[in-house]
Amino acid sequence: MTYTCPFAQRVWWITKNFKGLQDKIKLVPLNLQNRHAWYKEKVYPANKVPSLEHNGKVMGESIDLIKYVDTNFEGPSLLPNVTSLQLFTALTQCRFLNSDRR
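Note that the coordinates shown come from a computational prediction; the quantities given were computed from them, not determined experimentally.

With respect to the layout of surface pockets
Next, step 1: Quantified by volume, the largest pocket comes out at close to 490 Å³.
Next, step 2: Taken together, 23 residues line the largest pocket, and the ones lying closest to its centre are Ile25, Lys26, Ser51, Leu52 and Glu53.
Next, step 3: Those elements that provide at least two residues to the lining of the largest pocket are helix H1 (6–17), helix H2 (37–43), strand E1 (51–54) and helix H3 (62–72).
Next, step 4: Considering only residue class, the lining of the largest pocket consists of 17 nonpolar, three polar and three charged.

This is the structure in structure tokens:
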């Protein structure tokens, strides 16, 4: 985790405040301007932050991590279910189509 990277902060903030996983996820502070070689070699070959290692699998990209945490850890859902998303899309399209008729 880097304290200056908004992508890493987003993942940590969401997993801590919405999923309540602060005791299950270990943060490893990194200096983005001077990353240790071990990070790229042993943790995340893409050498980007944030990254997550879980069950022997290492992954990155903040949105992918949020989806992974949502699916694989207990706690309230972070993403809308398909039904809610479909309803939102339908309502948005109806509002847009009705606005053209004025």
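Okay, back to it.
Regarding the pattern of salt bridges
Pairing is possible between side chains of opposite charge, provided their charged atoms come close.
Next, step 1: Applying the stated criterion to the full structure yields two salt bridges.
Next, step 2: Between Lys19 and Asp70 there is a salt bridge; the shortest N-O distance is 3.2 Å. Remark: Asp70 occurs in helix H3 and Lys19 occurs in the loop between H1 and H2; sequence separation between them is 51 residues.
Next, step 3: What makes Asp70 buried here is its relative accessible area of 15%.
Next, step 4: Where Lys48 meets Glu61, a salt bridge forms, and the shortest distance between an N and an O atom there is 3.2 Å.

Here is what the cut-offs are and how they apply
Residues numbered from 1 in each chain as written. Predicted model: local features only at pLDDT ≥ 70, side-chain atom pairs only at ≥ 80, totals over all residues. Heavy atoms only, no water. 1 Å grid on protein atoms, 1.4 Å probe; cavity = no way out; pocket = protein on both sides within 12 Å on 5 of 7 lines; lining within 4 Å. Points joined across faces, edges and corners; volume = space filled by probe spheres on them. Helix = DSSP H or I, 4+ residues; strand = E, 2+ residues; numbered from the N terminus. Nonpolar A, V, L, I, M, F, W, Y, C, P; charged D, E, K, R; others polar. Salt bridge = Lys/Arg side-chain N within 4 Å of Asp/Glu carboxyl O. Buried < 20%, exposed > 50% of the residue type's maximum accessible area, 1.4 Å probe, protein only.

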